[in-house]
Amino acid sequence: MDGDLRVNSWLVIPAGELDERFSRSSGPGGQSVNTTDSRVELSFDVRRSPSLPEWARERAMERLASRLAGGVLTVVASQERSQLLNRQAARERLAALLRDAVAAPPRPRIATRPSRAARQRRLEDKRRRAQTKRNRRYDPGGQ
């Protein structure tokens, strides 16, 4: 559990760069709720991490700007009663955030025009729909 955090195929965060803090979690827990520190705060210093290449650091700093406090990304997990499960959840959430942050930007969409057949199908569907609606109209002189 205390091992390195694998983010994707090329990025592994060493355990020494992750900072875990534990505190008491709110919510259900029975008799042990006030005695166990099951809430987990997992922090990772994006700005000063030697394991991030410079381009990945810049991309992560830009994409995670609203979540960073002083260049540090913090994830909190307190859904489970077990500290171990909360640690795993926090690690998975941190890995997912970093994976999305350093991923390549999506390719821009290339604008295309509808084909002639597609335009004809659309217009024919419109005519058919209009005819259906015309047939629903009440005609007082028809009876």
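Calculation criteria
Residues numbered from 1 in each chain as written. Predicted model: local features only at pLDDT ≥ 70, side-chain atom pairs only at ≥ 80, totals over all residues. Heavy atoms only, no water. Core = buried A, V, L, I, M, F, W, Y, C linked by side-chain atoms within 4.5 Å. Buried < 20%, exposed > 50% of the residue type's maximum accessible area, 1.4 Å probe, protein only. Helix = DSSP H or I, 4+ residues; strand = E, 2+ residues; numbered from the N terminus. Contact = heavy atoms within 4.5 Å. Polar contact = N/O pair within 3.5 Å; in protein donor to acceptor, adjacent residues only side chain to side chain. Pairing = 2+ DSSP bridges. Patch = residues over 30% accessible without salt bridge, like charges linked within 9 Å, V, L, I, M, F, W, Y side chains within 5 Å. Areas by Shrake-Rupley, 256 points an atom, 1.4 Å probe, with all protein chains shown as cover. Salt bridge = Lys/Arg side-chain N within 4 Å of Asp/Glu carboxyl O. Lys, Arg positive; Asp, Glu negative; His and termini not counted. Charge placed at Lys NZ, Arg CZ, Asp CG, Glu CD. Axes fitted to C-alpha atoms, helices over the stretch in contact; angles between N-to-C directions. Parallel < 35°, antiparallel > 145°, perpendicular 65-115°, else oblique. Nonpolar A, V, L, I, M, F, W, Y, C, P; charged D, E, K, R; others polar. Phe/Tyr/Trp six-rings, centres within 6.5 Å; stacked < 30°, edge-to-face > 60°.

Take the nonpolar core next. In terms of nonpolar packing, the biggest core is built from 24 residues, with Ile13, Phe44, Leu64, Leu73, Leu94 and Leu98 touching the most fellow members. Of all elements in the fold, only strand S4 (39-45), helix H1 (54-63), strand S6 (72-77) and helix H2 (83-102) reach the threshold of two or more residues within this core. With seven residues, H2 is the largest single contributor of residues to this core. Sequence-distant contacts of Ile13, that is, excluding residues within four places in its chain, are made with Asp4, Leu5, Val7, Leu18, Phe44, Ser51 and Leu98.

Structurally, the position occupied by Asn8 is in the loop between strand S1 (5-6) and strand S2 (12-13). A distance of 3.1 Å separates a polar side-chain atom of Asn8 from the backbone nitrogen of Trp10.

We now examine the sheet that holds strand S5 (residues 68-69). An order of S3-S4-S6-S5 is seen for the four strands of this open sheet, with the pairing classed as antiparallel. Two strands lie at the open edges of the sheet, namely strand S3 (18-23) and S5, each paired on one side alone. One ladder, built from six bridges, connects S3 with S4; its direction is antiparallel. Bridge pairing in S4 places Ser23 opposite Arg39.

Quick look at a positive patch on the surface now. A contiguous patch of positive charge, built from Arg113, Arg116, Arg119, Arg122 and Lys126, is present on the exposed surface. Its location among the elements puts Arg119 in helix H3 (residues 116-136).

A few words now on the packing of H1 against H2. Their axes nearest at 8 Å, the elements H1 and H2 cross at an angle of 110 degrees. Our classification of the angle between H1 and H2 gives roughly perpendicular. Only Asp100, Ala101 and Val102 of H2 make contact with H1, whose side of the interface consists of Trp55, Ala56, Arg59, Ala60 and Arg63. Of the residues that constitute the contact of H1 with H2, the class distribution is five nonpolar, no polar and three charged.

Next up on the list: the packing of aromatic side chains. Applying the stated criterion across every chain yields a total of one aromatic pair. With a centroid separation of 5.3 Å and 40 degrees between ring planes, the pair formed by Trp10 and Trp55 is classed as tilted. Remark: Trp55 occurs in helix H1 and Trp10 occurs in the loop between S1 and S2; sequence separation between them is 45 residues.

Our focus in this paragraph is the side chain of Ser49. Mapped onto the fold, Ser49 is located in the loop between S4 and H1. A polar atom in the side chain of Ser49 sits 2.4 Å from the side chain of Glu17. Here Ser49 is in contact with Glu17, Phe44 and Arg57, once residues within four sequence places are set aside.

Taken by themselves, the reported measurements are silent on function.
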